[in-house]
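# Secondary and tertiary structure notes
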Amino acid sequence: RSTLLEFSRDRTHLHAIESYAVPGILPYPAQVLDHFPWFTETLRKGQIVCFARLDELPAEAWAERESCRRAGCQSGLTIPLVMAGEVRYAMSFRSFRCERAWPALLIPRLRLVGEIFANAISRKHSVEATHRLQQELVHVTRVTMLGELAATLAHELSRPRAAILSSAQAAHRFL
């Protein structure tokens, strides 16, 4: 199973944004990572999580180890992906049917693929944010123009009223 993970804006939560699994293996539950403090903290520091067997996980990863046992996970590799100087995403691979060694030559290649995905997602987020800001700017411009129109109308209507009032006062004095 492979999963693309994303940190929340405050970097306290890690959630799955995309997941693929071969038939017979369940995809990654979106919010389950909130229960794995060691895993999240290790990735936040920019460190790779790699284990060929569950026994290789450190003692402080007890929650992660138990979850892997329950799910049937035999081995795993998770690579943090750095964007703009901070870990924003991670790419995770899990083996369920057998233990798997993760060759050192494979990890940089997978990191490169993950960074391509992360760049595409970041670009998409930037385009969405730009579009949202453009919509807000259009709205503010409309509101500003409406305010200017109201001020112009008020000025144009007050001038004839002032002239009418002045003429009425002059007529009153004349009478």
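Residues numbered from 1 in each chain as written. Predicted model: local features only at pLDDT ≥ 70, side-chain atom pairs only at ≥ 80, totals over all residues. Heavy atoms only, no water.

### With respect to the nonpolar core
Counting residues in hydrophobic clusters, the biggest one holds 22 residues, and the most contacted among them are Phe39, Leu43 and Phe51. Those elements that provide at least two residues to this core are strand S1 (2-7), strand S2 (14-20), helix H1 (37-44), strand S3 (49-51), helix H2 (62-71) and strand S5 (86-95). The element that contributes the greatest number of residues to this core is H1, accounting for three residues. With 13 residues, the next largest nonpolar core counts Leu4, Leu77, Trp102 and Ile107 among its residues. (Core = buried A, V, L, I, M, F, W, Y, C linked by side-chain atoms within 4.5 Å. Buried < 20%, exposed > 50% of the residue type's maximum accessible area, 1.4 Å probe, protein only. Helix = DSSP H or I, 4+ residues; strand = E, 2+ residues; numbered from the N terminus.)

### Describing the sheet that holds S2
What the five strands build is an open sheet, ordered S2-S1-S5-S4-S3; its pairing is antiparallel. Bordering the open sheet on either side are S2 and S3, each of which pairs with just one other strand. Strand-to-strand twist of the sheet, defined as the mean angle between neighbouring strand axes without regard to direction, takes the value 20 degrees. Where S3 and strand S4 (residues 75-83) come together, three bridges link them in antiparallel fashion. Paired with Val49 across the strands is Thr78, a residue of S4. (Pairing = 2+ DSSP bridges. Axes fitted to C-alpha atoms, helices over the stretch in contact; angles between N-to-C directions.)

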